[in-house]
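Observations on the model geometry
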Amino acid sequence: MEKQGKDNDIQKLIESLSPNEIKILPFLKEKNINKINEKTGLDKTSIVRSLEFLSNKGLVTLKTNKETKIELGLNGLLYAKLGLPERRLSNIIAKKNSVSLQEAQKESRLNDNEFKAAIGSLKKKALINLINGNIILSGKKEGLIEKTLDEHFLESLPRKYENLKPEEQFSLNNLNSRKDIIEINEIKTLEIYPTKLGEELIKHDFSKSKDMIEAITPILIKTGAWHGKKFRRYDIESPVPRISGGKKYFINQATDYAKKTWLEMGFKEMTGTMAISSFWNFDALFTAQDHPVREMQDTFFIANKIAKLPDKKLVNEIKAAHEGKIKGSKGWEYEWKEEDAKKVLLRTHTTCLSIQTLRKIHEKKEFPAKYFALGKCFRNETVDATHGFEFNQTEGIVVDENANFCQLLGYLKEFFKKMGYEKIRIRPSYFPYTEPSLEIDIFHPIFNKWVELGGAGMFRPEVTIPIFGRHIPILAWGPGFDRIIMEFFKINDFRDMYGNDINKLRNMKIWRK
Amino acid sequence: MAVLTLNRKELEKVIGKITPELENKIGMFGTPVDKLTDEEISIEIFPNRPDLLSFQGFTRAILSFLGKKSVKEYKIEKPEKDYKVTIDKSVKKVRPHTTCAIVKNLKFDDEKIKNIIDIQEKLHLTYGRNRKKLAIGVYPLEEIKLPITFLAKKPEDIRFQPLEFPREINARQILSQHPAGREYANLLKDEELFPIFIDANNEILSMPPIINSHKTGKITNKTKEVFIEVSGFNLGYLKKALNIIVTALDDMGGKIYSMEINDKEGKYLSPNLEPEKMPFSIDFMNKTLGLKLTEKEIIKLLEKMNISYENKNQSIALIPSYRTDILHEIDIAEEIAISYGYENFIPEIPQISTIGEEDKISILKRKVSEILIGTGLSEISTYHLSTKEKQFKNIGIKDFKTELIEIIDSKTENNILRTSLLAQSIEVLSNNSDATYPQKIFEIGKIFYDNEENETKIGEKESLCISLCNEKANFTEIKQTLDYLMRMLDIEYEIKEAEHPSFITGRCAKLMINNKPAGILGEINPFVLKNNKIKMPVSSIEMDIEMLLA
């Protein structure tokens, strides 16, 4: 029984050998790829691959030897012919004792860098001095004429690193620090030792195996030539080369999911421009004209553009809200200026889409209404591991006569639950355009602490009255989205958000929700 | 973001040991703890609460919130002889207002002096918008002779020794030589006359908003009484700032004295610490918050926020005179909510019916990307901001007619809005020359152009750019991809010969939809490839996808 089992295994093994492997098998004792190459005519890559397969099958043991070979580089080859720059310079100085810099460079035909290097090298050895633009021989002439260690070393190449003497290693470091004189290559050689099983198979007669079928071809199928023949067994456990497929950008995978969440909750999408007037981005959102966010150091303003403002009536209402002229509000107690509202900028938040949408809702008398947005926003900021000048925000508004603070919390809880955050914390915050305002923190299970995610609140009467003519409760929230994305995709550096490193993108997992 | 950093031990003496529960409670008051060490606690103060920017202001608020203290009323003593400040009309153009007070009975130590300077600096920076809106001066009363005059003079005629400076110099020299002068020079330098405070001996006390005099403007351990002025443009703001400071000094044990301010419009006494009356409706509070609070409950909740209540046929909240943020009754709603505790609200999803709807361009973008991904392409995403060099020179465009849309003072090298995606796509291929080929990428995103019709004078449209990069990339391959996309979307198109500096002549075409140009495609010029260190041929298309809308 046992013997039969073993024969069976050997039979399977034989059936699994590819034609190349069978070709190589008789020459395994050659121990050297070049010889196998001579005998079989197979190229080296195929031989190595087949040897690896044979090794997987336990027919051969492979031992890799590494060897470091030092050869002449591109400039090295040139210098071998013409001499090192310092040699060429030495020869001239040895001849003339004193020579001007220009003349020396001209005669030695060295380029600026080579010439500098040559001067440096001779000065280091105290063979020359520079006086008033002249090179003066200051050491012994023999010092100049003698071949240096570096030159001896260069002439001795190619060499194996392992055989270098200490002074030669010193020369190696010297020359390697200069451009392209030396090339250091690691060369791997493979030593081949057939195993016991391998030895056995070397003796095997493979003439029958030649009848085994390799690939199924259309002809084969058509003719039925495979009847009564065996298919070569594959090594099904051997690793396969990776492939990669077409993929949505990871940020868009996440925003698509957020969008789906919004739609499920009955929200309509709002979109709009990225370049926008200060009027919509700030003034309509009751952000005082002297608020620091409106300064150039925080926000990208566009040069040479002056925006048109919407109809006069709305502009006057907004002005009134700022100046404390709408009923019940003190406003900002200052004089609101139209020019400031006309500045064009890149939106700093998607809330500017909400306020523009509110106006449309008012015109269409669409109550109740729920809208969302997902989009890029901008801030004037340098890029580092935690910041960028572009960021993603998601935004939701609920317009309903009966909306209240408890409902705002309800929507937030639901939205973040769908985004994968069961545990959220709500705490007081401040935004010029919402009251009450709040901040949403999510509990970070790895850091074991609360992490700030973004703001929310109910629009102030100074925001709603200019649009609707009266105060309607509007719930609004606009958390940043990048933190959620970075966390899911395990990105630690903000620069990777838009790095577009194709290898990284290929290996990135997909958004699983 | 303003951060208040306090000595932990000092604070714990007043509010008790800072346990994780108390830390959380402080956050739920709207002042999140930013950093907590054994020595210090840093608390974030939102810009609407400058009154919390001091040890005194913060502890006053938090003690009430924790129910450990009730609403404090501040008393003001009547002005004594010569407690007067006259505002001369010369100063009206440059710095029209000031409001002032005197505080006595102070026992300064180093910690308290630091506190005072801290409040002053923080108010300058936040509420005072870096001294643009207002500036505050505090002077030892012992060094000056009342009454005070606020007036303006030619800078050449103003001479004094500024704080921490070795000698007397004139006002112009202060702006160019003194560190504070240099920092804030732009606030004064174009004025004809500069504002100064002088005392009864004609001694200059300060030149706001720049610097105090070294002689009369330095608080020391020996200082027991101080004169305080706030000067600037909006009297309402100045009064608030003054109230914030004098109440903090009162909390330190000081006694507030009022001064008579003589302005050409009339006389008044300063400071005024009477609470402001804000009428509100209990129904509106409950409706906004989704609660059912009684008047009694609201009174209790407001008390925790240092707000008193009275009812004269109408609910009225008495807002402490140092609060700057109560603009409307809606702000009372937030006071009640914070006091009630955000954690105590019960989240609720209302039964209102609305129908979700995706934007039509969003749908199109999603469909286009699905089709392209199906052919094995991968999506990339690049910045909307770029540089002239990247957008034009790098892809072989030497002279461009497009008006550039430029950003003012960008902190990064990127200072224009992108006008095409092609350049970005080539840049990505260039950065990835060591990744394995084929590299097949696309991007859908906004590009920007001039458009006088729009509100902002800037046009924006969604563009699609595909780049195929591999050994055999050619015109056929990109045209096949386009053809597949158009067939799947059921859109007819035409291809016409075109020229473009980024593409090889004779292998470049324009895409026409309904006889209108909609894009450009072809094989990228090897000059561009070499320039960008791309090792393989590239064929690309950039097209306007809004034209694909059905």
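These numbers were taken from a predicted model, which means no experiment stands behind them.

Analysis parameters
Residues numbered from 1 in each chain as written. Chains lettered and ligands numbered in written order. Predicted model: local features only at pLDDT ≥ 70, side-chain atom pairs only at ≥ 80, totals over all residues. Heavy atoms only, no water. Helix = DSSP H or I, 4+ residues; strand = E, 2+ residues; numbered from the N terminus. Rg over C-alpha atoms; globule rule 2.2 N^0.38 Å. Buried < 20%, exposed > 50% of the residue type's maximum accessible area, 1.4 Å probe, protein only. Areas by Shrake-Rupley, 256 points an atom, 1.4 Å probe, with all protein chains shown as cover. Lys, Arg positive; Asp, Glu negative; His and termini not counted. Charge placed at Lys NZ, Arg CZ, Asp CG, Glu CD. Contact = heavy atoms within 4.5 Å. Pairing = 2+ DSSP bridges. Axes fitted to C-alpha atoms, helices over the stretch in contact; angles between N-to-C directions. pLDDT = per-residue confidence, 0-100. Patch = residues over 30% accessible without salt bridge, like charges linked within 9 Å, V, L, I, M, F, W, Y side chains within 5 Å. Salt bridge = Lys/Arg side-chain N within 4 Å of Asp/Glu carboxyl O. Parallel < 35°, antiparallel > 145°, perpendicular 65-115°, else oblique. Left-handed = near helix turned anticlockwise from the far one by under 90°. Buried area = accessible area lost by both parts, 1.4 Å probe. Polar contact = N/O pair within 3.5 Å; in protein donor to acceptor, adjacent residues only side chain to side chain. Nonpolar A, V, L, I, M, F, W, Y, C, P; charged D, E, K, R; others polar. Domains from an automatic or database assignment. Phe/Tyr/Trp six-rings, centres within 6.5 Å; stacked < 30°, edge-to-face > 60°. Lys NZ or Arg CZ within 6 Å of the ring centre and 35° of its normal.

**A few points about the overall build of chain A**
Along chain A, the regular secondary structure elements total 22 helices and 16 strands. Against the 2.2 N^0.38 benchmark of 24 Å for 513 residues, chain A shows a C-alpha radius of gyration of 39 Å, more extended than a compact globule. When its C-alpha atoms are laid out on the principal axes, chain A stretches across 95 × 95 × 45 Å. Expressed as a percentage of the 513 residues in chain A, the buried residues total 50%. Of the roughly 26,100 Å² that chain A leaves accessible, carbon and sulfur atoms contribute 52%. Between the mean site of the 86 positive side-chain charges and the mean site of the 70 negative ones, chain A shows a separation of 3 Å.

**What to know about the overall build of chain B**
When helices and strands are counted, chain B shows 15 helices and 30 strands. Viewed in the frame of its principal axes, chain B has a C-alpha envelope of about 95 × 65 × 50 Å. The 550 residues of chain B split such that 57% are buried. Counted over contacts in chain B with a minimum sequence separation of 6, partners at least 24 positions apart contribute 68%. Working note: accessible area of chain B is about 25,200 Å², and carbon and sulfur atoms make up 48% of it. Of the side chains in chain B, 78 bear a positive and 85 a negative charge, and the two mean positions are spaced by 4 Å.

**Focus on the sheet that holds strand β7 (residues 134-140) of chain B**
Residue and element names in this part refer to chain B. Reading across from one edge, β4-β15-β6-β14-β7 is the order of the five strands in this open sheet, with mixed pairing throughout. Each edge of the open sheet carries a strand with a single partner, namely β4 (76-77) and β7. Sheet topology note: the β4/strand β15 (residues 255-257) ladder contains two bridges and is parallel. If you follow Ile 76 over to β15, its bridge partner there is Ile 256. Packed onto the sheet, helix α7 (residues 235-251) meets β6 (97-104), β7, β14 (226-232) and β15 and runs at close to 10° relative to β6.

**Here we look at the confidence of the model for chain B**
Taken as a whole, chain B shows an average pLDDT of 94; of its residues, 99% reach a score of 70 or greater. Note on the complex model: pTM 0.82, ipTM 0.93.

**Digging into a nonpolar patch on the surface**
Nonpolar side chains collect at one region of the surface, where Ile 216, Ile 221, Trp 226 and Phe 231 of chain A lie side by side and expose about 420 Å² of accessible area between them. Within the secondary structure, Ile 221 of chain A sits in helix α13 (residues 218-223).

**Describing the sheet that holds strand β21 (residues 378-379) of chain B**
Residues and elements named next belong to chain B. An order of β21-β25-β26-β30-β29-β28-β27 is seen for the seven strands of this open sheet, with the pairing classed as mixed. Unpaired on one side and paired on the other, β21 and β27 (494-497) mark the two borders of the sheet. Direction of pairing for β21 relative to strand β25 (residues 439-450): parallel, over a ladder of two bridges. Bridged to Ser 378 within β25 is Ile 441.

**What about the pattern of salt bridges?**
Inspection of the entire model under this criterion finds 73 salt bridges over all chains. Lys 132 of chain B is the salt-bridge partner of Glu 295 of chain A, the closest N and O atoms lying 3.4 Å from each other. In this pair, Glu 295 of chain A is assigned in the loop between α15 (278-281) and β9 (301-306) and Lys 132 of chain B in the loop between α4 (110-125) and β7, connecting two distinct chains. Overall, Glu 295 of chain A belongs to the partly exposed group, its relative accessible area being 27%. Salt bridges sharing common partners tie together Lys 259 and Glu 269 of chain A together with Glu 358, Arg 366, Lys 367 and Glu 370 of chain B.

**What about the packing of helix α7 (residues 101-108) of chain A against helix α8 (residues 112-124) of chain A?**
Residue and element names in this part refer to chain A. For the pair α7 and α8, interaxial distance at closest approach is 11 Å and the crossing angle is 115°. The angle between α7 and α8 places the two elements in the roughly perpendicular class. Where α7 crosses over α8, the handedness of that crossing is right-handed. Contact residues: α7 offers Leu 101, Ala 104, Gln 105 and Ser 108, while α8 offers Asp 112, Phe 115 and Ile 119.

**Here's the deal with the interface of chain B and chain A**
Taken residue by residue, the interface counts 85 residues in chain B and 94 residues in chain A. A combined buried area of about 7,800 Å² lies between chain B and chain A, and 57% of that area is made up of carbon and sulfur atoms. Counting across the interface, chain B meets chain A through seven salt bridges. At the boundary of chain B and chain A, one finds 47 residue pairs in polar contact (both at pLDDT 80 or more). In terms of residue class, the side of chain B that touches chain A is made up of 35 nonpolar, 26 polar and 24 charged. Of the strand pairs in this sheet, β9 of chain A and strand β23 (residues 407-408) of chain B are connected by two bridges, and their pairing is antiparallel.

**Thoughts on the packing of helix α6 (residues 85-96) of chain A against α7 of chain A**
For any two helices packed against each other, the geometry is given by the interaxial angle and the distance between the axes. All names here are of chain A. Running from N to C, α6 and α7 cross one another at 125°; their axes reach a closest spacing of 9 Å. The angle between α6 and α7 places the two elements in the oblique class. The crossing of α6 and α7 is right-handed. Between α6 and α7, the contacting residues are Arg 88, Leu 89, Ile 92, Lys 95 and Lys 96 on the first element and Glu 103, Ala 104, Glu 107 and Ser 108 on the second.

**Let's talk about the domain arrangement of chain B**
Here chain B is described as being made up of domain 1 (2-65), domain 2 (76-270), domain 3 (281-316 + 325-341) and domain 4 (360-548). Its C-alpha centre places domain 3 of chain B at a distance of 57 Å from the equivalent point of domain 4 of chain B.

**Some thoughts on the domain arrangement of chain A**
Taken domain by domain, chain A comprises domain 1 (2-59 + 195-223), domain 2 (72-158) and domain 3 (252-507). The C-alpha centroid of domain 3 of chain A is placed 67 Å from the C-alpha centroid of domain 1 of chain A.

**Thoughts on the packing of aromatic side chains**
For the structure on display, the rule yields 33 aromatic pairs over all chains. Here the aromatic residues Trp 262, Phe 267, Phe 372, Tyr 411, Phe 415, Phe 416 and Trp 477 of chain A are joined through ring pairs into a cluster of three or more. Over the aromatic face of Tyr 322 of chain B sits the side chain of Arg 60 of chain B, whose NZ or CZ is 4.3 Å from the ring centroid. The side chain of Lys 461 of chain B reaches across the aromatic face of Tyr 449 of chain B, ending 5.1 Å from its centre.

**Considering the environment of Leu 53 of chain B**
Residue and element names in this part refer to chain B. Relative to the helices and strands, Leu 53 resides in the loop between β3 (40-45) and α3 (55-65). As a C-alpha pair, Leu 53 and Ile 244 span 191 residues in sequence and 9.1 Å in three-dimensional space. Leu 53 has contacts with Ala 2, Leu 4, Ile 45, Ile 119, Lys 122 and Thr 126, leaving out every residue within four places of it along the chain.

**Re the side chain of Thr 59 of chain B**
Residues and elements named next belong to chain B. As for its placement among the helices and strands, Thr 59 is situated in helix α3. By relative accessible area, which is 7% here, Thr 59 ends up buried. At 3.1 Å, the side chain of Thr 59 and the backbone oxygen of Gln 56 are in polar contact. Ignoring any residue separated from it by four or fewer positions in sequence, one finds Thr 59 in contact with Leu 11, Val 14 and Ile 15.

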